[in-house]
Amino acid sequence: MNNAVNHGHDDAIWSGTWVAQRLGVELVGDDTLTDLLGLALRRNPKRAHLLVSHVLGKHIPQFPSVVHGHGFALGRRVRELLGAEEAARAVVLGYAETATGLGHCVADGLGAAPYLHSTRRPVAGVVSAGGFEESHSHATSHLLLPEDPSLLVGDGPLVLVDDEFSTGNTVLNTIRALHERYPRRRYVVVALVDMRSAADAGRLAEFAREIGARVDLIATASGTVRLPDGVLEKGQELVARYEAEGAASGDRSSAGGQGVDRDADVNSGPPGARGSDDARLRREVRPATADPQREADRTRRTRPPGHITRVGLSWPRGLPDGGRHGFTPRHRARLETALPAMAARLAEAIPEDARRVLVLGFEELMYAPLRLARELEQVVAAEVRYSTTTRSPVLAVDDPGYAIRSRIVFPAHDDPDDGPGERYAYNVAGGGFDAVVAVVDSVADTRELHAPDGLLSQLAAHTPHVVLAVVPSYVPEPLYVAALSEERPAMLPDPLRGPAFSSYAPEEVGWLLQDLSDVTLEAPTEEREEAIQSGGAHYAESLPVEYQPSEQYQELFHAALETSAARIAQAVGVVTDTVIAERSPRPVLVSLARAGTPVGVLMRRWAQFRHGLDLPHYAVSIVRGRGIDANALRWLAAHHDPRDVVFVDGWTGKGAITRELAAAIEEFEARGGAAGFDPEIAVLADPGSCVRTYGTRDDFLIPSACLNSTVSGLVSRTVLRADLVGPDDFHGAKFYRELAGTDVSVAFLDAVAARFPEVADAVDGAVKELLAGDRTPSWEGWAAVERISEEYGIHDVNLVKPGVGETTRVLLRRVPWKILARAGAGADLDHVRLLAEQRGVPVEEVGDLPYTCVGLIHPQYTRGATGADGTAVTV
C-alpha cells in the first residue's frame, strides 16, 4: 500500500516516534513497516537518520527464534521463486556487517546453498576474489574472501542479502563488480525491508537490462522514508547537542544526555512469552512494554560488578565460525550436530534463577552466536534474547519512542585493519539482563577485550553474570599457498621446461609454474586498471597486452646489447662467484620470474664456464603484496636443501621485492614450512643499496629490461587468480609461442656469455675487493624515492619507480607522468627517450639524481597506477 503508516500503537509507543516528531521523518508503505523498524540518529555526513530493525538482532535484543525465523522465511520465499532445480545451484551472499547473520538464515531457508558474506576484516594471506563499495555506510569497503575459488564462479543464481535497501546503490555496485568477473544469468535481491524510491527501483530494472541478466527482489515489507528539507543538517545539529550533553555528564554508557535508567527494561517483550516460531514472528516483531513492578524491584537493588566466567565451547575442529570464507551445507550439518552440546555448556554457566539472558555476538560474527542463542532458548527456563556489538556509532536517547535507549562504549578488541577506535553495544545497559553471554571469535579474544575499559568489564557493570565463549577464528590456507599440513596432498608437478614451455633449453631453467597459455588474460592498460579499481582486484589477476617493439626500438636494443654485454658479463661473474664463496659451493639458483630468469640462466652459464659446475636453476613466482609461491617452496624443500637455495633477481629499485621476499619466507616458516631458506636476494645490479650480494651497484642499462617476454623465454609475467590457481597449484604464466619470430631471449644470453673469457680476470679482482669491503645495505634508494615523492608533490612512494629497469617498466606497462633523467646519462637512456617520445611523456634532466633515471606514474591518473600491495592507487 502507499498510505502513511500510523506511528502509534494501542499497546506500545512506536520506537521511531521521537525522531519523527523532531525531524518530521515519516515512514510510508506497508502496515507492518513500523513492526519491523524504529528510528534513531547517527553522526554521518550522508544520512542522519538510521532505520533500526526490531528483528535483525543487531541493535535491539530480540528472541533468537524470531531473528532466525525472519531470515529463514525469506529463504523459503527465494526457494519458491527459483524452483528446486535453480535453488540447488544458488549461492547466497550476505553483506557485512549488519546482514552477515541474516544471509546465513536465508541460506538455511533456501536449503543446500553455500553461503559467503562480505567482510571489512582483511585476512593476512587470503586473496580477495573481489570487492565493492557501500557508499552511505560509515565503513564503505567490502572484501570477498572465499576459501573455495570456485564459489563465485558458475551460472547458478546469486542471492544477495541485506537488512534493508535504501537506494539500491550497494546492490548495483556489488552486481556490477561481480558480473564483470563472474557473469551469470540471474540475481535475487533479498531484504527485510525495501525502502527505495520509485526512481531507485527503476534504476535496478534498467541495470538488469543493461547487463542482460534477470534481477528479482524479495522483501518482508516495503515502503519509503519521507525526509523534509534540511533534515540532514537538523539531524546533525540534534546529534551534536545530545552527544555534547552526554559527554558533559561523563556518561560513556548512554551518550544520550537523557540520564538512562540503567535498570529499566529496554525493548523487552512480554515476560515468559513462548510458543511456536510462527506465533513469535507475528507477535514479537517490535518492542513492547515490560512488567513495571518487576523492573521497579530490579531498579531498587544495588549490585556489585558482575562476575566474568569463561566457558569452553568445544567448537568442532575445522568448522568455520561463519561465512567470511564460505559456509557450505556440509558445514551447516556439522554445526547442527554440535549445537546441543555447546548450548549445554553455556547453560551450565548461567545461574538457575536467571530470568532474562542476552547472548551478545560480535560485529560480523552474528550467525554462530544466533544459533547458540536459538539452542539455548530450548534448554533454559530464562527468557533468551540476542543482539551483537557493532562498529556503527548511533546516538542513544532514553525515551520509549526512540529505538536506541542506551549504549555501551568500549575500545575495539580485534586489532582492526583501520586502527583502534570505539565499538558499541546498544540496548544492553538498562536491559534488565541477569546474565550476558558474550560470544567472540579468537581474533577478538585480546588484551583489549579483558581491559578495565573493555567490553567484558563494561558488561559486568550492567549484569551480575558475564559469560565469555570464544569461537576459533577460521582462516583458510591462502589460495596462493599450499597447505603445509599432512592432510593436504603433497604431490606437486615437475617443473615446466622448454621447448614445451619457454624458448630456453630444458637444462637452462625449470619453471615452477602452471601453464595458462590457453586462457585469455590480456587486457589494455586502462581496462585492466578499471577492473582493479572497481572491484579491488589484484594486478596479478590479469596481464597487460605484450608490447610489440618497433623496428627502431629493436635496433636500439641490439645496439645497447653490443655496448653493455661485457659490463653485464662482469656483473654476472661477480655475483655468481660471490654466491659460491659465501652462500654455497653448489648453490641452487631460484630466479624470481620473470626479470630474474635471464640473470639466473647467465649465472648458471658462468658457474659452468668458470668452475665446471652444473647448477640447478628454477624460476618461481613472487607477487607484490601477496608473497612468494609457497607451493614452489615446498617443491624446492622436497628436492633440495633449503640452505643451498639462492634467490636471484635482475636489479633492485627501492627494495620492495627484497622486503616482500623476507616477509614471505618468515610467513612460510611460521605456517610450518621447511626452515633454512635465506631470503636475501642476489641481484645483477643493486642501485638502491638493498642487498649484500650483487654484481654492481651502478644503475646502468641491462638490455633484458628493455623488453618483456621476448627477452625472457617468451614467458609472461606470473598470474595469481582465485579461479585459476587452487590451494595446491603453482602460480600460473603463459608461453607466447606466437611471438617466436621476434624472440631474442637466447640471443641475449649468447651475446653476454660470449664475453665471459674477456672479463674473467676483472671478475677475480672485483670479487676479492667486494668480499673484503663493507656491503651493508644503506637503503639510500628508498630515501631518494621518498625525497623525490615529496619534491614532485606525489606524496606516494609507490608511484615513484627508480632505475633504468623500473623506468622502462613504467613506460611499457603503466601510465607514466614524466621521466627524470640524470644529466649526461647518454646512450644508456636512448631506449627510454624513444619510448617516452612514443607515449608523449616529457623527459626532465636532473643534475643530482642518484639513479640514471626515475619513472613517475601520474599521481592524478590512477589507471595503470598500482601500489606496493598490488591494488590500484587512488589519489
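Conventions we followed
Residues numbered from 1 in each chain as written. Predicted model: local features only at pLDDT ≥ 70, side-chain atom pairs only at ≥ 80, totals over all residues. Heavy atoms only, no water. Helix = DSSP H or I, 4+ residues; strand = E, 2+ residues; numbered from the N terminus. Areas by Shrake-Rupley, 256 points an atom, 1.4 Å probe, with all protein chains shown as cover. Expected span 1.5 Å × (residues − 1). Buried < 20%, exposed > 50% of the residue type's maximum accessible area, 1.4 Å probe, protein only. Salt bridge = Lys/Arg side-chain N within 4 Å of Asp/Glu carboxyl O. Phe/Tyr/Trp six-rings, centres within 6.5 Å; stacked < 30°, edge-to-face > 60°. Lys NZ or Arg CZ within 6 Å of the ring centre and 35° of its normal. Axes fitted to C-alpha atoms, helices over the stretch in contact; angles between N-to-C directions. Parallel < 35°, antiparallel > 145°, perpendicular 65-115°, else oblique. Left-handed = near helix turned anticlockwise from the far one by under 90°. Contact = heavy atoms within 4.5 Å. Nonpolar A, V, L, I, M, F, W, Y, C, P; charged D, E, K, R; others polar. Pairing = 2+ DSSP bridges. Bend = angle between axes of the 7 residues up to and from the residue. Core = buried A, V, L, I, M, F, W, Y, C linked by side-chain atoms within 4.5 Å. Right-handed = clockwise from strand over helix to strand, strands pointing away. pLDDT = per-residue confidence, 0-100.

(A) Expanded view of the overall build of the chain. Scanning the chain from N- to C-terminus turns up 23 helices and 32 strands. Carbon and sulfur atoms make up 49% of the accessible area of the chain, which amounts to about 32,000 Å² in all.

(B) Looking closely at helix α16 (residues 596–611). With 16 residues, α16 extends 22 Å between its outermost C-alpha atoms, agreeing within 8% with the 22 Å of an ideal straight helix rising 1.5 Å per residue. Taking burial as the measure, the 16 residues of α16 include twelve buried ones, the bulk of the element.

(C) Summary view of the pattern of salt bridges. Inspection of the entire model under this criterion finds 36 salt bridges. Of the charged contacts in the structure, one is a salt bridge between Glu562 and Arg755, with a shortest N-O distance of 3.3 Å. A residue pair is termed long-range when its members are at least 10 positions apart, and Glu562 in helix α15 (residues 551–582) and Arg755 in the loop between α19 (745–753) and α20 (756–772) qualify at 193 residues. Of the charged contacts, one joins Asp641 and Arg643 as a salt bridge, the two residues approaching to 2.8 Å between their closest N and O atoms. When its relative accessible area of 61% is taken as the criterion, Arg643 is described as exposed. Here the salt bridges do not stand alone but share partners, grouping Asp108, Arg332, Glu336 and Arg371 into one network.

(D) Spotlight on the packing of aromatic side chains. Summed over the entire model, instances satisfying the criterion amount to 13 aromatic pairs. A centroid spacing of 5.1 Å and a plane angle of 80° characterise the contact between Trp18 and Tyr402, whose relative ring orientation is edge-to-face. Taken together, the residues Trp18 in helix α1 (residues 17–23) and Tyr402 in the loop between β13 (383–388) and β14 (407–411) connect sequence positions 384 residues apart. Considered together, Trp18 and Tyr402 belong to a single accessibility category, that of buried residues. Between the aromatic rings of Phe327 and Tyr367, the centroid separation amounts to 6.0 Å while the plane-to-plane angle is 70°, which identifies the pairing as edge-to-face. Residue Phe327 is found in the loop between β11 (307–311) and α10 (329–349), and its partner Tyr367 is found in helix α11 (residues 367–379); the two are separated by 40 residues along the sequence. A relative accessible area of 2% places Phe327 in the buried class. A connected cluster of aromatic rings, assembled from ring pairs, spans Phe501, Tyr504, Trp511 and Phe735. Directly above the ring of Phe63 sits Arg385, whose terminal nitrogen or CZ lies 4.2 Å from the centroid.

(E) Focus on the packing of helix α3 (residues 64–87) against helix α4 (residues 100–110). Relative to each other, α3 and α4 sit at 45°, their axes nearing to 6 Å. Between α3 and α4, the angle is such that the two are oblique. Note on packing geometry: the crossing formed by α3 with α4 is right-handed. Mapping the contact onto sequence places His68, Gly71, Phe72, Leu74, Gly75, Arg76, Val78, Arg79, Leu82 and Ala87 in α3 and Leu102, Cys105, Val106, Asp108, Gly109 and Leu110 in α4. When grouped by side-chain class, the residues that make up the contact of α3 with α4 number nine nonpolar, four polar and three charged.

(F) Broad picture of the sheet that holds strand β1 (residues 26–29). Strands sit in the order β1-β10-β9-β8-β4-β5 across an open sheet of six strands; the sheet is mixed. The two strands at the open ends of the sheet, each matched to only one other strand, are β1 and β5 (115–117). For this sheet, the mean angle separating the axes of adjacent strands, direction not counted, is 25°. Alignment of strand β9 (residues 186–194) against strand β10 (residues 214–226), held across eight bridges, turns out to be parallel. Residue pairing in the sheet places Val188 in a bridge with Asp216 of β10.

(G) Examining α3 more closely. Between its first and last C-alpha atoms α3 spans 26 Å; for 24 residues at 1.5 Å apiece the expected length is 34 Å, and the helix comes up short by more than 12%. For α3, the principal kink sits at Leu81 and spans about 75°.

(H) Spotlight on the nonpolar core. Among the nonpolar cores identified, the biggest contains 136 residues, and Leu41, Leu110, Val159, Leu346, Tyr402 and Leu459 are the most heavily contacted of them. Counting residues in each nonpolar core, the second largest holds 99 residues, with Ile665, Val715, Val752 and Leu811 among its members.

(I) Representation of the sheet that holds strand β17 (residues 465–471) in the model. Overall, parallel pairing links the five strands, which are arranged β11-β17-β16-β12-β13 in an open sheet. Both outer strands of the open sheet, β11 and β13, are each paired with one neighbouring strand and no more. The mean inter-strand angle of the sheet, taken between neighbouring strand axes irrespective of direction, is 20°. The strands touched by α11 are β12 (356–361), β13 and β16 (435–441); relative to β13, the strand with the most contacts, the crossing angle is about 175°.

(J) Summary view of the environment of Asp494. With respect to the helices and strands, the residue Asp494 is situated in the loop between β17 and β18 (510–511). C-alpha separation for the pair Asp494 and Gln514, spaced 20 residues apart in sequence, amounts to 9.9 Å.

(K) Seen up close, the side chain of Ser712. Here Ser712 is to be found in the loop between β27 (693–696) and β28 (732–733). The buried category is assigned to Ser712, whose relative accessible area is 4%. Contact partners of Ser712, with chain neighbours within four places excluded, come to Tyr504, Trp511, Arg594, Pro598 and Ser745.

(L) How the structure looks around the packing of α3 against α11. Where α3 meets α11, the closest approach of the two axes is 8 Å, and the angle between their N-to-C directions is 125°. Between α3 and α11, the angle falls in the class oblique. By crossing handedness, the relation of α3 to α11 is classed as left-handed. For the pair α3 and α11, contact is made by Pro64, Ser65, Val67 and His68 and by Leu370, Arg371, Ala373, Arg374 and Glu377, respectively.

(M) Region of interest: the environment of Asp764. Checked against the element boundaries, Asp764 lands in helix α20. The spatial distance from the C-alpha of Asp764 to the C-alpha of Val574 is 7.7 Å, given a sequence separation of 190 residues. Non-local contacts of Asp764, meaning those with residues more than four positions away in its chain, are made with Asp577 and Arg610.

(N) How the structure looks around the pairing of β13. Along β13, six of the six residues are buried, which leaves the element largely enclosed by surrounding structure. Residues of β13 alternate between two faces, with Glu383, Arg385 and Ser387 on one and Val384, Tyr386 and Thr388 on the opposite face, all of them buried. Two strands pair when backbone bridges link them, and β12 and β13 are joined in this way by six bridges, in the parallel orientation. In the sheet register, Val359 faces β13, and the bridge partner there is Tyr386. For the crossover from β12 across α11 to β13, the handedness is right-handed.

(O) Spotlight on unusual backbone geometry. The peptide bond linking Ala96 to Glu97 adopts the cis configuration, its omega dihedral lying at -5°. The residue Glu97 is located in the loop between β4 (91–94) and α4 in this model. In this chain, Gly498 is followed by Pro499 through a cis amide linkage whose omega measures 0°. By the secondary structure assignment, Pro499 is in the loop between β17 and β18. A positive phi angle is found at Glu363, which is not glycine, with a value near 45°. Among the structural elements, Glu363 can be located in the loop between β12 and α11. On the basis of relative accessible area, Glu363 is assigned to the buried category, the value being 6%.

(P) Just the confidence of the model for the chain, in detail. When pLDDT is averaged along the chain, the result is 82; 84% of the residues meet or exceed 70. Scored below 50 in pLDDT, residues 478–490 shows 46 contacts in the model against residues more than four places distant or in partner chains. Predicted confidence for residues 861–875 stays below pLDDT 50, and this span has 54 contacts to residues more than four positions away or in other chains.

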